[in-house]
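Below are the chains, spelled out letter by letter.
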Amino acid sequence: MSIKTYGIYLSYPPTVDLRAEGLGRHLAAFLNGAAQREDSRFVIVCPSWSKKSIQALCQSEKISERSFDVISPKGGVFSLKLLETYQIILKKIKKHRLSVRKEKHQTAFLILNRLKIKLASARSLIDFMLFIPRAVTYCFLSLLLKLMIGLNNSLIGFISFINLKRHHSSRSLFHRVHAASLQPKDHDWVFDLFTHIERKENVLMLALINQMTHVRAWFSPTAFWPSFNNITAPKFMCVPDVVLAEFPIGFSNMGGDRILETFKKVETAILGSEYFVTYSEHIKQTILVKRYGMNPDKIRVVHHATNRLDSFLSDDFLDDKKTREVSQSLLLSAMKKSSYPAYTDAFSNVCVKFIFYASQFRPSKNVLTLLRAYRYLLRNRYISHKLILTGAPGKIAEIDAYIAKHHLAYDVLLLSRLSVPELAACYHLADLAVNPSLSEGGCPFTFTEALSVGTPVVMADIPVTTEIIADPNLQAMMLFDPYDYKNLAARIEWALEHKEQLFEAQKATYNQLLKRTWRHVVDEYITFLDQLSHQK
Amino acid sequence: MKKHKHIAVIIPVNYTGGSLRGAKRLAETLLVGSRLCGESITVTLAHLDDEHFYPDSEFIDMHPDVSRRVYEWKILDSASARRALAYSGSSEQVVQEQSYCVPDDGINQFLDCDLWLIISDRLSLPLLPIRPYVLMVYDYIQRYIPFLSQELELAYFDAARKANAVLVTTEFTREDATQYAGIPPERVHKLPMLVPVFQKTVLSETHKNHTYFVYATNTGAHKNLEHAFLALKIYYDDLGGTLCCHITGFNTENLLSNDANYPYLQKVARIYQSSPMMKKKITLCGMLSDVVYQKKLQAARYLLHAGAIDNGTFCVIEAALLGVPSLSSDYPAMREIATEFDLNVTWMNPNDPKNMAEQLKWMETHSAQLSHSLRSYQPVDLKSMNDNAIEYWKVVQSCL
């Protein structure tokens, strides 16, 4: 049987970890689906710096690396290797310093402790008095040790200060480089450098692609890369969404002009492309057709498959007791990632009732409406559930301000950077999952994620959701007006009072959706790729 | 599927009382007008996020199909404004100011709306030009009683000049809009006044004691308070006025507080303190609920409106509906109201306290006769209301 080869184009900038990107997880699911086909094979062409990230993604998502090929320009970029090495060294130094400091503190503590015990347990006045010289010596030594630690740190700081003051220009340069190495994405000049590096790498990638005449057609999983349009072989571009276009004011003061540059790249990529895939009819029509004037006949809608979380909790999910125990243990570990450890570190009620929304904080996610609804439920309707969110503080000032202003910090918990098992546990233990988001590329995964672990869900009434949840009776039960916090609150209150009824009603649709797997998604992609290759 | 148009009616500052009623009325009018024209639109009334000024109880009487949303003003610097416009597909070239404001509902900054209708011109920063907007301007009092800083005045002119349309309800304000604010005449639209739907609480005759008149006012600088109190002093001290005066309205309980921050109120307090009869006859009632106010008004001999140069007041219409005659300051906007709603108002010169006092005295003996003529008064019929609604909708629709 001949095997057809298709290409996937990736061009993420340096330092991007695909495991942390939504598109990375989408790619992982796609590759897992693709591995099931025996008549086709995918080759990923990516920058040299992305290879490791793809390997890490495969490991975390349990994808067999044998099911696809990864090709990138040989050798790599020397400055990036230097950066990577420097980052590794910094990490090691920091770890070493921490352990040395800890060791010295422990030694001082042991000495003092011994002293206390000896004095307290002296049997006679003579014993006590004889011990004093030793005690004094002990004290002196331990104090000296502490002084040395402190002096050591101060000395280093002092020397650094003197040197930096003396060599102002080298301070600027050193500090700039050092700061940039810790958080490259936050520095415009690094961003500019990366742009140049990427440009050169893209040229090399294109040269590789042009040699791959056996690849029938290509696709790019995102619209970030105008360079994709330089491929002359048949191709299409995925456009998950252009959320900045839908929420221009909300995003206007996030990321500054760097994001504007990225946005312009997306627009350039879209306008330079001819064939597209979107995850929903809504994005196809509102973004590609209406906003960018693309030909609807050249756009395919390929809906997502489902995301399930049950396997992350237990091999035998149906064993309620075991699953619950595992979940409760994971909840406690998730609590340790709270933004308010003073409250959550000692929180031990694993049976706590809560409502759950899993999402980063973005302007499109409508978190403030959810907070308004929650406050109303708590303070006016006396619903005792907590609200657990997975966004991080400091991302959107209005969210932090609302929580602080209304004294909600003990009831609205922010647990960020959850592992997938912790996420699954939160979904499982929640009485209700909620998704108030105003815009997504496709039907939010919340529905299948929650249902897969036995939790009902209420969601915003938005087009991408009603495309999939089409039953009007079910819509009436589970959807709310995302612009009306009281409507959202009423829906939550009803759902909490009718959990079983809601879950049963949703299960039928969930079971129906389960029939669509990532294999189906891959099949539809391949059908489109084949069509394009035949056209050529 | 054709998307319904969505209009946000935005109250830019903490307006209450008549201004809030007017905003609710305007929102309902647009909804009704669009439906009469066969269109299906959504209207959202937006107000600042302040539970003290806007408790839920203030909106019980609002049309059920008008939705409500809270917001705060968000300020964007020029860089953010430029980016916002770029993301939205608008030209970045229009960004010429250092800062812009935009109403932030915490959802998507009313970008789900197709047009913003702002009640008044009180925008101290330019509005981000990301949606067409219309202003509902009731008056330009500051042209006659200057009280605004130059900075604010210029900001308000700017807001009006950049609006897609400015709506006014009197010829007097239309003149000010073109002459004073410098708005091109084709962008100023004079529309009918929208009379509130007054819920009439009928009082039996036995409860009407007719020993007082109601003086409806507030502590604003444009309320002609000094002349009004001089007139009351003359009425009581020189003309032997017999009726008591019950003063009602927002913050009127502080009318005589002698607050040094408000020199015009200090003058009023001094006048009051100089007359024992005024102290005996005048009662400060403060802000009354609609029901209580109506009961008080119905039992009164007449209503006094002594303000000057604003956009007029509908309290004379409410009074007429309840069979209570009015004595009003004679100024252009009130003349327009009296003509439009066929009111037989008794007039006085607001700049002449002596004339005002004489008219107060005249009302003592003539108010009963005037009241009789108001027995079957109706301000406006349903057909007129519908016609008005259509007129409002057509103007706003032209800006979409």
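Scroll up for the structure.
Since the structure is predicted, the reported quantities are computational estimates derived from the model, not experimental observations.

Turning to the packing of aromatic side chains, a few remarks are in order. On inspection of all chains with the given rule, the structure shows 34 aromatic pairs over all chains. When the centroid spacing of 5.1 Å and the interplanar angle of 80 degrees are considered together, the rings of F30 of chain A and F42 of chain A count as edge-to-face. Residue F30 of chain A is located in helix α1 (residues 22-34), and its partner F42 of chain A is located in strand β2 (residues 40-45); the two are separated by 12 residues in the primary sequence. By the burial criterion, F30 of chain A is buried, and F42 of chain A matches it. Here Y71 of chain B and W73 of chain B contribute two aromatic rings whose centre-to-centre distance is 5.3 Å and whose plane-to-plane angle is 85 degrees, an arrangement assigned as edge-to-face. Within the aromatic cluster, the residues linked to one another by ring pairs are Y6, F30, F42, F219, F236, Y275, Y525 and F528 of chain A. Sitting over the face of the ring of Y212 of chain B, K296 of chain B holds its NZ or CZ atom 5.1 Å from the ring centroid.

Let us look at the environment of A245 of chain A. Relative to the elements of secondary structure, A245 of chain A occurs in helix α7 (residues 243-246). Once the C-alpha coordinates of A245 of chain A and M335 of chain A are considered, the two residues, 90 residues apart in sequence, prove to be 35 Å apart. Beyond its immediate chain neighbours, meaning those up to four positions away, A245 of chain A contacts F263 and R291 of chain A together with Y87 and S88 of chain B.

Here we take up the pairing of strand β6 (residues 133-136) of chain B. All names here are of chain B. The alternating pattern of β6 places Y133 and L135 on one face and V134 and M136 on the opposite face, and all of these are buried. As paired strands, strand β5 (residues 115-119) and β6 are joined by four bridges and run parallel to one another. Within β6, the residue paired with I118 across the bridge is L135. Bridge count for β6 against strand β7 (residues 165-168) is three bridges, and the pairing is parallel. In the strand pairing of β7, M136 is matched with L167. Between the parallel pair β6 and β7, the chain is carried across by helix α3 (residues 150-162), and the sense of this crossover is right-handed.

Taken together, the contact between chain B and chain A spans 27 residues of the former and 28 residues of the latter. For the pairing of chain B and chain A, the buried interface totals around 2,200 Å² over both sides, and the portion due to carbon and sulfur atoms is 51%. If you sort the residues of chain B by the area they bury against chain A, R83, Y87 and I107 of chain B come out on top, with a joint share of 35%. Linking chain B to chain A there are five salt bridges. A salt bridge links K486 of chain A to D56 of chain B; the shortest N-O distance between them is 3.0 Å. Where chain B packs against chain A, one counts 10 residue pairs in polar contact (both at pLDDT 80 or more). Of all the secondary structure elements, the ones that give two or more residues to the side of chain B that touches chain A are β3 (66-77), α2 (78-88) and β4 (99-104) of chain B.

The next thing to look at is the state of the cysteines. One pass over the full model with this rule turns up zero disulfides over all chains. The thiol sulfur of C443 of chain A is not disulfide-bonded, and the nearest other cysteine sulfur, from C238 of chain A, lies at 18 Å. For C443 of chain A, a relative accessible area of 16% puts it in the buried group. Free of any disulfide, C244 of chain B has its nearest cysteine sulfur in C245 of chain B, 8.7 Å distant. Note on C244 of chain B: relative accessible area 23%, which makes it partly exposed.

Now for the pairing of strand β11 (residues 432-435) of chain A. Residue and element names in this part refer to chain A. Both faces of β11 are covered, namely the face carrying L432 and V434 and the face carrying A433 and N435. When strand β8 (residues 354-357) meets β11, the two strands line up parallel, connected through two bridges. Looking at the pairing, I355 lines up with L432 of β11. In this sheet, strand β12 (residues 457-460) lies alongside β11 in parallel orientation, the contact comprising three bridges.

As a further point, take the sheet that holds β11 of chain A. All names here are of chain A. Taken in spatial order, the six strands of this open sheet run β10-β9-β8-β11-β12-β13, and their pairing is parallel. Among the strands making up the open sheet, the edge pair consists of β10 (412-414) and β13 (479-480). Where strand β9 (residues 386-389) lies against β10, three bridges are found, and the strand directions are parallel. Residue pairing in the sheet places L389 in a bridge with L414 of β10.

Residues and elements named next belong to chain A. Formed by 74 residues in total, the largest nonpolar core has its most connected members in L10, F42, F236, I270 and Y525. Among the elements that take part in this core, helix α21 (residues 518-535) stands out by supplying eight residues, more than any other. Every residue in contact with F236, bar those within four places of it in the chain, is listed here: W218, F219, S220, F228, Y275, F276, V277, Y525, F528, L529 and L532.

Another point: the sheet that holds strand β1 (residues 4-9) of chain A. Strand pairing within a sheet occurs via backbone hydrogen bonds; the two strands may be parallel or antiparallel. All names here are of chain A. Ordered by their spatial adjacency, seven strands build an open sheet running β3-β2-β1-β4-β5-β6-β7, and the pairing between neighbours is parallel. The sheet terminates laterally at β3 (68-71) and β7 (299-301), the two strands that pair on one side only. Pairs of neighbouring strands in the sheet enclose a mean axial angle of 25 degrees, with direction left out of account. In this fold α21 packs onto β1, β2, β4 (215-220), β5 (235-238), β6 (276-278) and β7, with an angle of close to 120 degrees to the strand it touches most, β4.

About the cut-offs
- Residues numbered from 1 in each chain as written.
- Chains lettered and ligands numbered in written order.
- Predicted model: local features only at pLDDT ≥ 70, side-chain atom pairs only at ≥ 80, totals over all residues.
- Heavy atoms only, no water.
- Phe/Tyr/Trp six-rings, centres within 6.5 Å; stacked < 30°, edge-to-face > 60°.
- Helix = DSSP H or I, 4+ residues; strand = E, 2+ residues; numbered from the N terminus.
- Buried < 20%, exposed > 50% of the residue type's maximum accessible area, 1.4 Å probe, protein only.
- Lys NZ or Arg CZ within 6 Å of the ring centre and 35° of its normal.
- Contact = heavy atoms within 4.5 Å.
- Pairing = 2+ DSSP bridges.
- Right-handed = clockwise from strand over helix to strand, strands pointing away.
- Buried area = accessible area lost by both parts, 1.4 Å probe.
- Salt bridge = Lys/Arg side-chain N within 4 Å of Asp/Glu carboxyl O.
- Polar contact = N/O pair within 3.5 Å; in protein donor to acceptor, adjacent residues only side chain to side chain.
- Disulfide = S-S within 2.5 Å.
- Core = buried A, V, L, I, M, F, W, Y, C linked by side-chain atoms within 4.5 Å.
- Axes fitted to C-alpha atoms, helices over the stretch in contact; angles between N-to-C directions.

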